[in-house]
Amino acid sequence: MRKLNTQDVFKLARLIKKANLKDDIKNLFEKSQRMEGDKDVRQKELGFETALVIIEKTADEGVENEFYSLLAGIAEKTSDDIKTLSIEAMIELFIQVAKENNVVTFFKVAYQSAKK
């Protein structure tokens, strides 16, 4: 898995716009600021919630394919690999991304880009 990069910000911004995720991302960001306790537990909880919100909102096939493309790039896999992940593996991928990157900043920048 690679670190998040600038290209990912713009892919996520397009995904946020298409899936109408702006309010959800804002709420997750605000929740992350209020979370207390063990860092690993917080990251797992936030990763789980993020995965569920994005899965729920990406029901549109065009949005779904952009979602696969974004995750495939980050995980250094193909979109087909991502499509066939189990739900547990998908959530674990989100948790791993959250642990290895500053996802709060990443989502904040993507959210700001999506507002334009």
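Up top you'll find the structure we're talking about.
A short tour of the structure in this document, coming up.

The rules behind these values
- Residues numbered from 1 in each chain as written.
- Predicted model: local features only at pLDDT ≥ 70, side-chain atom pairs only at ≥ 80, totals over all residues.
- Heavy atoms only, no water.
- Axes fitted to C-alpha atoms, helices over the stretch in contact; angles between N-to-C directions.
- Helix = DSSP H or I, 4+ residues; strand = E, 2+ residues; numbered from the N terminus.
- Parallel < 35°, antiparallel > 145°, perpendicular 65-115°, else oblique.
- Left-handed = near helix turned anticlockwise from the far one by under 90°.
- Contact = heavy atoms within 4.5 Å.
- Nonpolar A, V, L, I, M, F, W, Y, C, P; charged D, E, K, R; others polar.
- Salt bridge = Lys/Arg side-chain N within 4 Å of Asp/Glu carboxyl O.
- Phe/Tyr/Trp six-rings, centres within 6.5 Å; stacked < 30°, edge-to-face > 60°.
- Buried < 20%, exposed > 50% of the residue type's maximum accessible area, 1.4 Å probe, protein only.

With that out of the way, let us pick up the packing of helix 4 (residues 61–75) against helix 6 (residues 87–100). Where helix 4 meets helix 6, the closest approach of the two axes is 12 Å, and the angle between their N-to-C directions is 55 degrees. In terms of their interaxial angle, helix 4 and helix 6 are classed as oblique. The two elements helix 4 and helix 6 cross, and the hand of that crossing is left-handed. On the side of helix 4, the interface is formed by F67, L71, I74 and A75, while helix 6 contributes M90, L93, F94 and V97. Residues that form the contact of helix 4 with helix 6 fall into these classes: eight nonpolar, no polar and no charged.

Where helix 1 (residues 6–18) contacts helix 4, the axes come no closer than 10 Å and their chain directions differ by 160 degrees. When the axes of helix 1 and helix 4 are compared, the pair comes out roughly antiparallel. Note on packing geometry: the crossing formed by helix 1 with helix 4 is left-handed. Mapping the contact onto sequence places D8, K11, L12, R14, L15 and K18 in helix 1 and V63, E66, F67, S69, L70 and I74 in helix 4. Its residues assigned to classes, the contact of helix 1 with helix 4 comprises six nonpolar, one polar and five charged.

Next up on the list: the pattern of salt bridges. Considering all chains together, one arrives at six salt bridges under this definition. Of the charged contacts, one joins E66 and K18 as a salt bridge, the two residues approaching to 2.5 Å between their closest N and O atoms. With E66 in helix 4 and K18 in helix 1, this pair connects stretches of sequence that are 48 residues apart. Residue D80 is joined to K83 by a salt bridge in which the shortest nitrogen-to-oxygen separation is 3.7 Å. In this pair, D80 and K83 are both assigned in helix 5 (residues 79–83), three residues apart and thus about one turn of the helix distant. The network of salt bridges with shared partners includes K31, E45 and E49.

So, on to the packing of aromatic side chains. Applying the stated rule across the entire model yields two aromatic pairs. Plain terms: the ring middles of F67 and Y68 are 6.1 Å apart, the flat faces sit at 50 degrees to each other, and that makes the pair tilted. Of the residues examined, Y68 reaches a relative accessible area of 11% and is grouped as buried. Their ring planes at 20 degrees and their centres at 6.2 Å tell us that F67 and F94 sit as a pair that is stacked. In this pair, F67 sits in helix 4 while F94 sits in helix 6, placing the two residues 27 residues apart along the sequence. The two residues F67 and F94 agree in class, both being buried. Taken together, the ring pairs connect F67, Y68 and F94 into an aromatic cluster.

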